[in-house]
Amino acid sequence: MTEGATSPRDESEGRQIMQATLKDKVTFQGVGLHSGAPACLVMHPARPDHGIVFRRIDLTPAVDIPALWDHVTPSKLCTLLDNGHGVTLSTVEHVMAALAGTGIHNALITVDGPEIPILDGSAAPFVDAILDTGIARQTAPLRAIRVLRTVEVREGDAFARLSPADHLEIDFEIDFTDAAIGHQEKCLDMANGAFLRELADSRTFCRASDVEAMRRNGLALGGTYLNAVVVDGGRVLSPGGLRHADEAVRHKMLDATGDLALAGAPLLARYTGHRAGHAMTNRLLRALFADPTAWMWERCTPELEGRLPGAGVADYARPDLAAAFAAE
Ligand SMILES: [Zn+2]
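Residues numbered from 1 in each chain as written. Predicted model: local features only at pLDDT ≥ 70, side-chain atom pairs only at ≥ 80, totals over all residues. Heavy atoms only, no water.

1. Quick notes on helix α2 (residues 93–101)
Residues spaced three or four apart along an α-helix face the same direction, because each turn holds 3.6 residues. Stated formally: Burial classes: relative accessible area under 20% of the type maximum marks a residue as buried, over 50% as exposed, and values in between as partly exposed (1.4 Å probe, protein chains only). Each helix is a run of DSSP H or I of at least 4 residues and each strand a run of E of at least 2, with the numbering of both proceeding from the N terminus.
Most of α2 sits inside the fold, with 8 of its 9 residues counted as buried. Taken together, the buried positions of α2 are Glu-93, His-94, Val-95, Met-96, Ala-97, Ala-98, Leu-99 and Gly-101.

2. Observations regarding the packing of aromatic side chains
Stated precisely, the cut-off is as follows: By convention, a stacked pair of Phe, Tyr or Trp rings (six-membered ring in the case of Trp) has centres within 6.5 Å and planes under 30 degrees apart, an edge-to-face pair has planes over 60 apart, and any other such pair is tilted. Over a ring means this: the NZ of a Lys or the CZ of an Arg is within 6 Å of the ring centre and within 35 degrees of the ring normal.
Applying the stated criterion across every chain yields a total of 6 aromatic pairs. The positively charged end of Arg-143 is found above the aromatic ring belonging to Trp-297, 3.9 Å away from the centroid.

3. Overview of the sheet that holds strand β3 (residues 38–45)
For the record, the criterion: Here a strand pair is declared whenever DSSP counts at least two bridges between the two strands. Working convention: axes come from line fits to C-alpha atoms, limited for helices to the stretch in contact. Angles between N-to-C directions cover 0 to 180 degrees.
The 5 strands are arranged β2-β3-β9-β4-β5 in an open sheet whose pairing can be described as mixed. Bordering the open sheet on either side are β2 (26–31) and β5 (63–66), each of which pairs with just one other strand. Strand-to-strand twist across the sheet, computed as the mean angle between neighbouring axes with direction ignored, equals 20 degrees. Judged from the 5 bridges that link them, strand β4 (residues 52–56) and strand β9 (residues 107–111) form a sheet pairing that is parallel.

4. Side note on the coordination of the zinc ion
Quick reminder of the rule: Here a donor is any nitrogen, oxygen or sulfur atom (N, O, S) within 2.8 Å of the metal, with 3.2 Å used for Na, K and Ca; water is not among the atoms considered, so some sites may look incomplete. Any site counts as irregular unless it has four donors with all angles between 85 and 135 degrees, making it tetrahedral, or four or six donors with opposite ones more than 155 degrees apart and the rest between 65 and 115, making it square planar or octahedral.
Taken together, His-94 (NE2), His-251 (NE2), Asp-255 (OD) and Asp-255 (OD) make up the protein donors of the zinc ion, found 2.1 to 2.7 Å from the metal. Each of the 4 donor atoms around the zinc ion contributes to a set of angles spanning 52 to 150 degrees, which defines the coordination as irregular. Sequence positions of the donors to the zinc ion reduce to the motif H-x156-H-x3-D. Of this pair, His-94 sits in helix α2 while Asp-255 sits in helix α6 (residues 247–261), placing them 161 residues apart in sequence. Taken individually, His-94 and Asp-255 each receive the classification buried, so the pair is uniform in this respect.

5. A look at the environment of Thr-21
Stated precisely, the cut-off is as follows: Residue contacts are counted whenever heavy atoms from the two residues lie within 4.5 Å of one another. What qualifies as a polar contact is a pair of N or O atoms within 3.5 Å, subject to a donor-acceptor requirement within protein and to the restriction that residues adjacent in sequence count only when both atoms come from side chains.
Position of Thr-21 relative to the elements: it lies in strand β1 (residues 18–22). Separated by 37 residues in the primary sequence, Thr-21 and Asp-58 place their C-alpha atoms 24 Å from one another. Setting aside anything within four residues of it in sequence, one finds Thr-21 in contact with Pro-45, Ala-46, Ile-104, Asn-106, Gly-134, Ile-135, Ala-136 and Gln-138. There is a polar contact of 3.0 Å between the side chain of Thr-21 and the backbone nitrogen of Ala-46.

6. Quick look at the state of the cysteines
When the sulfur atoms of two cysteines share a covalent bond, that bond is a disulfide. Spelled out, the test is: To count as a disulfide, a pair of cysteine sulfur atoms needs to be within 2.5 Å.
Scanning the entire structure with this criterion turns up 0 disulfides. Cys-40 takes part in no disulfide bond, and the closest cysteine sulfur, belonging to Cys-78, lies 19 Å away.

7. Quick word on the confidence of the model for the chain
Condition: pLDDT expresses, on a scale from 0 to 100, how confident the predictor is about each individual residue.
Mean pLDDT for the chain: 88, with 90% of residues reaching 70 or above. Confidence over residues 1–12 falls short of pLDDT 50; this stretch has 6 contacts with residues more than four positions distant or in other chains.

8. Details of the pattern of salt bridges
Put simply, the rule reads: Should a side-chain nitrogen of Lys or Arg be within 4 Å of a carboxyl oxygen of Asp or Glu, the pair is scored as a salt bridge.
Per the counting criterion, the structure on display carries 19 salt bridges. The closest approach of N and O atoms between Arg-207 and Asp-178, which form a salt bridge, is 2.5 Å. Taken together, the positions of Arg-207 in strand β16 (residues 205–207) and Asp-178 in the loop between β14 (169–175) and β15 (183–189) put the pair 29 residues apart, joining distant regions of the chain. Residue classification places Asp-178 among the buried positions, given a relative accessible area of 8%. For Glu-247, the salt bridge is made with Arg-203, and the minimal N-O distance between the two is 2.8 Å. Here Glu-247, found in helix α6, pairs with Arg-203, found in the loop between α4 (194–199) and β16; they are 44 residues apart in sequence, far enough to count as distant. With respect to class, Glu-247 is no different from Arg-203; both count as buried. Salt bridges linked by common partners bring Lys-186, Glu-198, Asp-246 and Arg-250 together as one network.

Below you can see the structure in the form of structure tokens.
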């Protein structure tokens, strides 16, 4: 074959969606939600096919933990990664959601302690900094995970389900006895920047009574009324109130975006969560990958452009558009 780029094979390869990383490193300073200890996180650009990897630099030698579903240890309050030898990193879900939502596939994330800084309790500070720094398209093609059959996990009346779809969709329902939260339901097509517009700024929430119980157990020491929405019955105790009337269900969708990103590649599937949490979403990924007939790798051809969570987001990295986005 001497036709080079005009051959059908080359043409189709040239039309694939490529992986992306950050244009430069970005630093975040904050405190751990549970430890209350100062925490510094730095996102570094990484080579193609590197994936997202966390590095605990407070240990000697430093310890790497891949951001993958099979490195998750069950934890009720957050998503906890474990390197398999007892080194852990907690609360990775919001930074994972920000990376997935902006279409970053490769990054090395250094942290100087066992907990990710909580910042404002949402993914917005991570998203804003990624967009300010810029997104660099790479030379390696991107692959997605297509769900072929419905997979479901249940616990009591809670469930989480993945079913076949042409793009990531998240459908979530919560039911809280506290009137300030109550019943909330939202369904979102995650394509084309929806994460940034609809979910990124929604904060963690909890009950005032849970905060007291957690503090007695030495948890939530870094929690304040500014980095979590605290409710007590029908009242929202956080100053300034809610960012969205249904901020709680939006935050659960943000968490699900981050937890699903631990699949290691964009998912082409519909996720349905009913009172589901971090541990249940991880059980769902384990159930999916335990069944080789339930999923397949799929090359991301231009037909998928615009259907992936980060597609189109690079446009927001232009300062004028970023300002327009911030003003929305
Ligand atoms: Zn969360």
